[in-house]
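Coordinate inspection notes
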Amino acid sequence: MAIYKAPVEDVLFILGEVLHYERYSNLPGFSDAPPDVLEAILAEGAKLCEEAIQPLNAVGDREGCTRHPDGSVTTPAGFKAAYDAYRNGGWLGLSAPADYGGQGLPMTLNTVMQEFISSANLAFGMYPGLTQGAIAALLVHGSQEQKRTYLPKMITGEWAGTMNLTEPHCGTDLGLLKTKAVPQPDGSYALSGTKIFISAGEHDLAENIIHLVLARIEGAPEGTRGISLFVVPKFLVQADGALGAHNGVSCGSIEHKMGIHGNATCVMNYDGARGWLVGGENKGLAAMFVMMNEARLAVGMQGLSQSEVACQNAAAYARERLQGRALTGPKFPDKPADPIIVHPDVRRTLLQIRAFNEGARALALWAALSSDVAHRSPDPKERQAADDRLQLLTPVIKGVFTELGFANAVQAQQVFGGHGYIEETGMSQFVRDARITMVYEGANGVQAMDLVGRKLGRDGGRAVMTFFGEVAAFCRENAGEEALKPFVASLAKSLEHAQASAMWFAQNAMAKPDNAGAGATDFMHLLGLLAMGYMWGRMAKAALAKKAAGEDPGGRMEAKLITARFFAEHMLPETSLRYRRIQAGASAVMAMPAEMF
């Protein structure tokens, strides 16, 4: 049986000692969650995830969701009660505006909860997560009437939300979508078409489901220029807010998937369903990308979450499983064998996963704080700088976190040996659940191309150059710190690789775009390593300060420094490999004719 304990102490260390959470107290919402309140909120959220939601993870995997002849869907046993507990605790509206019934707290708190709930039960966490994404899109692009009609009950969790993009013939290339919207005399539209892979498309957790659907209005231009966004409720909402007739939207089937069995991934059929335009005609992508960008950060947290929970279980197993003797002689001579934690390769595996988890968590929280600044700061320059950082880091967090999250789940499974292949340990589920994160909300190759093709050169490269400058300043300021010297030297070298790679793209990708495509994934990982390395530098500095002050309860700061050293010595050097691959260009990649593959 798998275990999970939310990393509350690590989150508090990162927010308090590394990112200096208290400095943001001037922003709306932060004054309502000072450090002591923050700690209390996270402790309560951790308790809910550990005690009410995590025990249902294996249940959801085993039972899956059930579609009934009338098109309704029931979720696995226990999901409805757990959802009610989550909803009644106000967790869904944690960061939503108070004007619509939310608590208005920092988005950063919601990001932490996204990790906790996804580690506890990824399939379950997708239900409120999708609703939060729909809320974000309606807040930015919905009309006042739409906000009044839908947001209060979505924020309380009485109603749920989805996003409907993909169709059988088109995924990433949304310009090919065929779902049509026909204008009606009352100002609504009649939507007809089929959407696939719709997470939480139908379920029994909420009274109503508010679908956000991309469609093409009759006569609209071809391609992405002719896409509009519509709000399509499962049940029509009457003037007094009560639920009316069932709309013309139904679940045709539930997809049979590799993982996330507890989430209802549906084929959705729209048969003249009534919908209302969100934003302007043919402006649907702008509105949907509000939701997509929020979802991509959330999916990055899902990748981290599966790496974290898999690592916790692998470390517990490694401390208990007896197998062989240490290379330097028996460490437990009174036992028939030593626990496998004594073996260097097992330790290397666990440290590699742990170093990623802690570095990724710090990077994600830095991005979350950037989102709060971008949306809440009264200073235009601060907002712009924070938004630049967020735009640059979003494809990195989604792409790198999910690829390494999946790889780490596999490595954690490997620690169990044959027992990791047996369903009872739960390790197989972590691997299967983690796999989808690399695919949905834009496959990771798309994230890499977004980074290199759009984000790298955006505004003359302002965001990436600012980021490089910040890392360089950290290296300069701490070069004289004896305890940080080895780490700073490794970070500075990785910075050189990143800067040289960006320059190489500038010189070689304009004339030959395939060079950008061939090196995009390597650059995404290079930048991810550099960003996590920068976070590790800041964490190491904070840990040294805590130790110097005599504050090292349970040796946590010493463990942090050992993990930082491992990241610097064993993981940051990978930037050299990534740089060499980028320099190789697209020649060999594009040389083979398609028919020879």
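The coordinates are above.
Quick notes on the rules
- Residues numbered from 1 in each chain as written.
- Predicted model: local features only at pLDDT ≥ 70, side-chain atom pairs only at ≥ 80, totals over all residues.
- Heavy atoms only, no water.
- Axes fitted to C-alpha atoms, helices over the stretch in contact; angles between N-to-C directions.
- Helix = DSSP H or I, 4+ residues; strand = E, 2+ residues; numbered from the N terminus.
- Left-handed = near helix turned anticlockwise from the far one by under 90°.
- Contact = heavy atoms within 4.5 Å.
- Buried < 20%, exposed > 50% of the residue type's maximum accessible area, 1.4 Å probe, protein only.
- Pairing = 2+ DSSP bridges.
- Core = buried A, V, L, I, M, F, W, Y, C linked by side-chain atoms within 4.5 Å.
- Phe/Tyr/Trp six-rings, centres within 6.5 Å; stacked < 30°, edge-to-face > 60°.
- Lys NZ or Arg CZ within 6 Å of the ring centre and 35° of its normal.

What follows concerns the packing of helix H12 (residues 462–478) against helix H14 (residues 514–548). As a packed pair, H12 and H14 sit with axes 11 Å apart at the nearest point and diverge in direction by 35 degrees. Note on packing geometry: the crossing formed by H12 with H14 is left-handed. In contact with Phe-467, Phe-468, Glu-470, Val-471, Phe-474 and Asn-478 of H12, H14 contributes Leu-527, Leu-530, Ala-531, Tyr-534, Gly-537, Arg-538 and Lys-541.

Within the fold, Leu-138 resides in helix H5 (residues 107–141). The exposure class assigned to Leu-138 is buried, which follows from its relative accessible area of 1%. Once the C-alpha coordinates of Leu-138 and Ala-273 are considered, the two residues, 135 residues apart in sequence, prove to be 19 Å apart. Leave out the neighbours within four places in its chain, and Leu-138 touches Lys-147, Tyr-150, Leu-151, Met-154, Leu-212 and Val-278.

A positive phi angle, close to 65 degrees, is found at Asn-282, a residue other than glycine. One non-glycine residue, Glu-441, lies in the positive phi region at around 60 degrees.

Most of strand S3 (residues 159–164) is tucked away, with 6 of its 6 residues classed as buried. Of the two faces of S3, the one holding Trp-159, Gly-161 and Met-163 and the one holding Ala-160, Thr-162 and Asn-164 are both buried throughout. In terms of strand pairing, S3 meets strand S6 (residues 208–217) through 6 bridges, oriented parallel. Across the sheet, the residue bridging to Met-163 is Leu-212, located in S6.

This next bit is on the nonpolar core. Membership of the largest hydrophobic core comes to 182 residues, with the highest contact counts inside it found for Phe-116 and Phe-467. In this structure, Leu-122, Ala-123, Met-126 and Ile-260 belong to the second largest nonpolar core, which totals 6 residues.

Scanning the model with the defined rule gives 15 aromatic pairs in all. Seen from their ring centres, Phe-474 and Tyr-534 are 5.6 Å apart, and the 80 degrees between their planes marks the pair as edge-to-face. Of this pair, Phe-474 sits in helix H12 while Tyr-534 sits in helix H14, placing them 60 residues apart in sequence. For the residue pair Phe-474 and Tyr-534, the accessibility class agrees, reading buried in each case. The ring of Phe-406 has Arg-435 lying over it, and the distance from NZ or CZ to the ring centre is 5.6 Å. It is Arg-538 that lies over the ring of Trp-366; its NZ or CZ is 5.9 Å from the centre.

Read these as geometric descriptors, not functional statements.
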